[in-house]
Amino acid sequence: MSIRELSLQGLGLNALPKVFCKLIHLRTLDLSCNQLFTLPSTFSELTNLEDLCLDSNCFANIPESVLTLRSLRRLSMSCNEDLETLSRRLSSMNHLQSLLMDSCALHWIPSIVLKMLSLKKLSIRSNRIHALPFACTLRDDLKIELAGNPLQIPLPC
C-alpha cells in the first residue's frame, strides 16, 4: 500500500526526517501551520508530488528542494511572513499551474515568473508589491490576484 495524500497540518513540526522523503508515491502533501523554515535536500525525491501546501510556516524563501519537483502543479506558501522574494528558478517548474503566496512580505515579482506558460493562477494578495514587471504585456490566460497590495495605479508599462 502506498500513501498518495498526507496531511501533517498543525503538528508543530520544525523539521522533517530524511526518511520522510521515501514516500515516493505521494501526490498531495499538507505541511501547513508548523514551524518549518527549511526542508531536507532529500525532499526532491518526492518526484510524484503535485500539490504542496507550506502555508503558515517560517520560510524566508522557497526551498531549493521544492524548486526541483518537476511534477508539482500547485504550490502554496501563504502566510510565511519572512518570505520577501521569489526565486527566478521558479521558471524551471514547467508544470506549475498555481502559485499561492498571499500574506507574505513580497516586494516584487520576477518577470520570468509572469512568463511561465504553465502558470494559470498567481495569488499574491496582501503583500508589499508596488508594481508588476511588464504590466502591459501580461498574458490573458494568467489570473493574478493582487488585492491588499500598495500598487501604484495606473500600473507602469
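Look a little higher up for the structure.
Residues numbered from 1 in each chain as written. Predicted model: local features only at pLDDT ≥ 70, side-chain atom pairs only at ≥ 80, totals over all residues. Heavy atoms only, no water.

J.: Explain the overall build of the chain here, please?
T.: A tally of helices and strands in the chain yields 2 helices and 7 strands. Listed by position from the N terminus, the elements making up the chain come as β-β-β-α-β-β-α-β-β. C-alpha atoms of the chain, sized along the principal axes, occupy 55 × 30 × 20 Å. Here the chain, with 157 residues, has 43% of them falling under the buried criterion. In the chain, of all internal contacts separated by at least 6 residues, the share reaching a separation of at least 24 is 25%. Accessible area of the chain: about 8,000 Å², with a carbon and sulfur share of 53%. (Helix = DSSP H or I, 4+ residues; strand = E, 2+ residues; numbered from the N terminus. Buried < 20%, exposed > 50% of the residue type's maximum accessible area, 1.4 Å probe, protein only. Contact = heavy atoms within 4.5 Å. Areas by Shrake-Rupley, 256 points an atom, 1.4 Å probe, with all protein chains shown as cover.)

J.: I tried to follow the pattern of salt bridges on my own but got confused; where do I start?
T.: Two side chains with opposite charge may pair up if their charged atoms get near one another. Summed over the entire model, instances satisfying the criterion amount to 10 salt bridges. Among the salt bridges present, the one from Asp102 reaches Arg125, with a minimum N-O distance of 2.8 Å. Taken together, the positions of Asp102 in the loop between strand E5 (98-100) and helix H2 (111-114) and Arg125 in the loop between strand E6 (121-123) and strand E7 (143-145) put the pair 23 residues apart, joining distant regions of the chain. The exposure class assigned to Asp102 is buried, which follows from its relative accessible area of 10%. By relative accessible area, which is 36% here, Arg125 ends up partly exposed. Salt-bridge contacts for Lys121 lead to Glu145; the nearest nitrogen and oxygen are separated by 3.8 Å. One end of the pair, Lys121, is in strand E6; the other, Glu145, is in strand E7, and 24 residues separate them in sequence. Given the relative accessible area of 30%, Lys121 is considered partly exposed. Salt bridges sharing partners connect three or more residues here, namely Asp102, Lys121, Arg125, Lys143 and Glu145. (Salt bridge = Lys/Arg side-chain N within 4 Å of Asp/Glu carboxyl O.)

Geometric values such as these leave the question of function open.
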